[in-house]
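Structure at a glance
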Amino acid sequence: MKFDRTAAFLRDAARLPPEHYAMFREAVYKHFLPAIEQGAHTGHAPWPPRLRIHKLTGTHVYSLTWNFASPDGRATFQFGTTDDGEPFLMWRRIGDHSIYDRP
């Protein structure tokens, strides 16, 4: 699946300590991407419970929790399609619970 990151995601990521961003990447590569490959984004497979993926109320934006303790690690994303109809993922924000104010 193709993906991109918003300017807000890039700004947020630049503020994260490197070890926190490494934790996010590990969660994405170990759990999130395998779930995508199995069809979790289409409902054909469940999302890994450890990521607590859920749709934010009243939006088309989803939340992924990559860590529950210190640091409180969360990222938001949404799905779309490219001009040629391929599925597409946009990472929107990354940080702690405060990213939900402007997901």
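The coordinates are above.
For clarity, every value in this text was computed on a predicted model and none was experimentally measured.

1. A closer look at the pattern of salt bridges
- Applying the stated criterion to the full structure yields three salt bridges.
- Between Asp12 and Arg93 there is a salt bridge; the shortest N-O distance is 2.5 Å. Here Asp12, found in helix α1 (residues 7-15), pairs with Arg93, found in strand β5 (residues 87-95); they are 81 residues apart in sequence, far enough to count as distant. Assigned by exposure class, Asp12 and Arg93 land together as buried.
- A salt bridge links Lys30 to Glu26; the nearest nitrogen and oxygen atoms lie 3.1 Å apart. Pair noted here: Lys30 and Glu26 are both in helix α2 (residues 18-37), with a separation of four residues, about one helical turn.

2. Looking at the packing of aromatic side chains
- Going through the model one piece at a time under the given rule, you end up with 13 aromatic pairs.
- With centroids separated by 5.9 Å and ring planes inclined at 55°, the aromatic side chains of Phe9 and Phe24 adopt a geometry described as tilted. Taken together, the residues Phe9 in helix α1 and Phe24 in helix α2 connect sequence positions 15 residues apart.
- Classification of Phe9 as buried rests on a relative accessible area of 1%.

What counts and how
- Residues numbered from 1 in each chain as written.
- Predicted model: local features only at pLDDT ≥ 70, side-chain atom pairs only at ≥ 80, totals over all residues.
- Heavy atoms only, no water.
- Salt bridge = Lys/Arg side-chain N within 4 Å of Asp/Glu carboxyl O.
- Helix = DSSP H or I, 4+ residues; strand = E, 2+ residues; numbered from the N terminus.
- Buried < 20%, exposed > 50% of the residue type's maximum accessible area, 1.4 Å probe, protein only.
- Phe/Tyr/Trp six-rings, centres within 6.5 Å; stacked < 30°, edge-to-face > 60°.

Shape is all these values report; function is a separate question.
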